[in-house]
Number of protein chains: 2
Amino acid sequence: MITLHHLRIGRSLFCAWLLEELHLEYELKEYFRNPKTFRSQDDLKSVHPLGKSPIIEDGSLMLTESSAITTYLMEKYDSENEFHPCREKINTWAKYTQWLHYPEGSAFAPLLIDMLLQRTKDSSQRLNEFSSGEIVLHLNYIQEELDNNDYMLGNFSAADISIAYVIGVADTGKHLAPYPKLLEYLTRCKNRAAFQKAKLRVVE
Amino acid sequence: MITLHHLRIGRSLFCAWLLEELHLEYELKEYFRNPKTFRSQDDLKSVHPLGKSPIIEDGSLMLTESSAITTYLMEKYDSENEFHPCREKINTWAKYTQWLHYPEGSAFAPLLIDMLLQRTKDSSQRLNEFSSGEIVLHLNYIQEELDNNDYMLGNFSAADISIAYVIGVADTGKHLAPYPKLLEYLTRCKNRAAFQKAKLRVVE
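Residues numbered from 1 in each chain as written. Chains lettered and ligands numbered in written order. Predicted model: local features only at pLDDT ≥ 70, side-chain atom pairs only at ≥ 80, totals over all residues.

### Some points on the packing of helix α3 (residues 66–77) of chain A against helix α6 (residues 158–172) of chain A
Residues and elements named next belong to chain A.
Thinking step 1. At a closest axis distance of 10 Å, the pairing of α3 and α6 adopts a crossing angle of 165 degrees. Put simply, α3 runs roughly antiparallel to α6. Regarding α3 and α6, the two cross each other, and that crossing is right-handed. Contact residues: α3 offers Ser-67, Thr-70 and Met-74, while α6 offers Ala-158, Ile-161 and Ser-162. (Axes fitted to C-alpha atoms, helices over the stretch in contact; angles between N-to-C directions. Helix = DSSP H or I, 4+ residues; strand = E, 2+ residues; numbered from the N terminus. Parallel < 35°, antiparallel > 145°, perpendicular 65-115°, else oblique. Left-handed = near helix turned anticlockwise from the far one by under 90°. Contact = placed C-beta atoms within 7 Å.)

### Some points on the relation of the copies chain A and chain B
Copies of the same chain, two in number, are related to each other by a rotation about an axis and a translation along it.
Thinking step 1. Note on the copies: chain A fits chain B at an RMSD of 0.0 Å, the axial shift is 0.0 Å, and the rotation between them is 180 degrees. When the rotation and shift are considered jointly, the pair of chain copies conforms to a two-fold rotation axis.
Thinking step 2. Looking at chain A, 100% of its interface residues are interface residues in chain B too, so the copies touch through the same face. (Least-squares fit on C-alpha atoms with pLDDT ≥ 70 in both.)

### Some details on the interface of chain A and chain B
Thinking step 1. Between chain A and chain B, the contact holds 40 residues from the first and 40 residues from the second.
Thinking step 2. Broken down by element, the side of chain A that touches chain B gets its largest block of residues, 14 residues, from helix α4 (residues 90–118) of chain A.
Thinking step 3. Looking at the side of chain A that touches chain B residue by residue, the class counts come to 17 nonpolar, 14 polar and 9 charged. (Nonpolar A, V, L, I, M, F, W, Y, C, P; charged D, E, K, R; others polar.)

### Structural notes on the sheet that holds strand β2 (residues 26–32) of chain B
Residue and element names in this part refer to chain B.
Thinking step 1. The 4 strands lie next to each other as β2-β1-β3-β4, forming an open sheet whose pairing is mixed. If you trace the sheet from one side to the other, it starts and ends with β2 and β4 (61–64), each paired once. Adjacent strand axes in the sheet meet at a mean angle of 20 degrees when their direction is disregarded.
Thinking step 2. Packing against the sheet, helix α1 (residues 12–21) makes contact with β1 (2–8), β2 and β3 (55–58), and its axis sits at approximately 150 degrees to β1. (Pairing = 2+ DSSP bridges.)

### Description of unusual backbone geometry
Thinking step 1. That bond from Ser-53 of chain A to Pro-54 of chain A is cis: its omega, 10 degrees, falls within 30 degrees of zero.
Thinking step 2. When you line up the elements, Pro-54 of chain A lands in the loop between α2 (42–45) and β3 (55–58).
Thinking step 3. Even without a glycine there, the phi angle at Glu-65 of chain B is positive, about 75 degrees.
Thinking step 4. Secondary-structure assignment places Glu-65 of chain B in the loop between β4 and α3 (66–77).
Thinking step 5. Residue classification places Glu-65 of chain B among the buried positions, given that 25 C-beta atoms sit within 10 Å. (Buried ≥ 20, exposed ≤ 12 C-beta atoms within 10 Å, placed from the backbone.)

### Comments concerning the pairing of β1 of chain B
Residue and element names in this part refer to chain B.
Thinking step 1. Burial analysis of β1 places 5 of its 7 residues in the buried class, the great majority of the element.
Thinking step 2. Sheet topology places β1 next to β2; 7 bridges connect them, and they run parallel. Looking at the pairing, His-6 lines up with Glu-30 of β2.
Thinking step 3. This β-α-β element, β1 to α1 to β2, shows right-handed connectivity.
Thinking step 4. Direction of pairing for β1 relative to β3: antiparallel, over a ladder of 3 bridges. (Right-handed = clockwise from strand over helix to strand, strands pointing away.)

### Points about the domain arrangement of chain A
All names here are of chain A.
Thinking step 1. According to the domain assignment, chain A contains domain 1 (2–83 + 194–201) and domain 2 (90–192).
Thinking step 2. Just the C-alpha atoms count here: the centres of domain 1 and domain 2 sit 20 Å apart.
Thinking step 3. Taken together, the contact between domain 1 and domain 2 spans 11 residues of the former and 10 residues of the latter.
Thinking step 4. Broken down by secondary-structure element, the contributors of at least two residues to the side of domain 1 that touches domain 2 are α1 (12–21), α3 and α8 (193–201).
Thinking step 5. No other element matches α3, which puts 4 residues into the side of domain 1 that touches domain 2.
Thinking step 6. Residue composition of the side of domain 1 that touches domain 2, by class: 7 nonpolar, 3 polar and 1 charged. (Domains from an automatic or database assignment.)

### Some details on the confidence of the model for chain A
Thinking step 1. Of all residues in chain A, 98% have pLDDT values of 70 or greater, and the mean over the chain is 93.
Thinking step 2. Model confidence for the complex: the whole-complex pTM is 0.95, and ipTM, which rates the interface, is 0.94. (pLDDT = per-residue confidence, 0-100.)

### Side note on helix α7 (residues 180–190) of chain B
Residue and element names in this part refer to chain B.
Thinking step 1. Every buried residue belonging to α7 is among Leu-182, Tyr-185, Leu-186 and Cys-189, and all of these are buried. Each buried residue of α7 lies within a common arc of 100 degrees when the element is viewed along its axis, so the set occupies one face. Facing away from the buried side of α7 by more than 90 degrees, the exposed set consists of Pro-180, Glu-184 and Thr-187. (Arc of directions from axis to C-beta.)

### Brief notes about helix α5 (residues 125–146) of chain B
Thinking step 1. The end-to-end C-alpha separation of α5 of chain B is 31 Å, in line with the 32 Å expected for 22 residues at 1.5 Å each.
Thinking step 2. For α5 of chain B, every residue scored as buried is listed here: Leu-127, Phe-130, Ser-131, His-138, Leu-139 and Ile-142 of chain B. Buried positions in α5 of chain B, seen along its axis, are confined to an arc of 140 degrees and lie on one side of it. In this structure, α5 of chain B carries Gln-125 and Glu-144 of chain B as exposed residues pointing more than 90 degrees from its buried face.
Thinking step 3. As for α5 of chain B, its buried residues are in contact with α4 and α5 (125–146) of chain A together with α4 (90–118), α6 (158–172) and α7 of chain B. (Expected span 1.5 Å × (residues − 1).)

Set out below in structure tokens:
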């Protein structure tokens, strides 16, 4: 059985969501952050030196990085291509792959900087300018790419696991008011039965 | 023929490096940053709304995100698995996929914050603490994972395109002095004939 290592509060909820979409059984192991530093503690670092989650174990494989986990789960457990395009349609598959890399590759860093700046009294004009400009750029882009579709590729796919996380972080940072389509998208994702099931097990 | 859109100074050199490893022909289109803001300008934004590079065009496909481009190039042009593990060895392939996601997923954000802080007189204790702690964590991790191997997976692979970029950014930020193995690794990567060829065409 797959084991999901989950650091509270953290991104593993979205990994659990995909596991639920795939109807896979998994064991959940929870870890808590140091309340002062908000970082992970030795218990999670004994599982993996970076002390980050999600981490999954599947037999002898221990795997980190959310979208690498997504890619692995698709390859091993979505052989009917219910949640990802088949590689034979290589251009569609390449665009799907792009959506798996885009959150961390481009969209997440300014949201992280914004989150860190919001948590502190420090300010940095350079970083504020960078993050606020980039956040607008990316939210505009995602909303345009979503267009009038329910999900990023039209039908629900594993790409939505990645993008909904970014939109959720933007929502937490109070950036979504000018983006009604993205708010509706986030609600649509969170209303899925699999997300609700994951949320009952994995406290974010 | 593949077109590589390259914003100077930027990451596209590493995409060109992979194209050279694969002995693929490509047309290079260069763009320049606004000298004041150091951001891309309207010419690149007319190619792609995010105005970031690398971007490749291959027939009707336009693709962004460095590691998504790597994944696509491997799927389409590395059918003999010279530069990436075959999917049938799923655990090895999963770890390789993890290395493609790890730079942007974990290692790059603190280096970006550090770079932005080094470029300005602003300071943020919270961000400085975050970036300096994370940079040490990741460089230690990569050096341990590299172990005594020449390359991340033992032999050279597309994973090195991702990791060498991160190590290069760490080098630019003057973080590599305590990591002799990573310095040697970076030199080894940059001494490859394909990297040298790419560098002659793509001015970083």
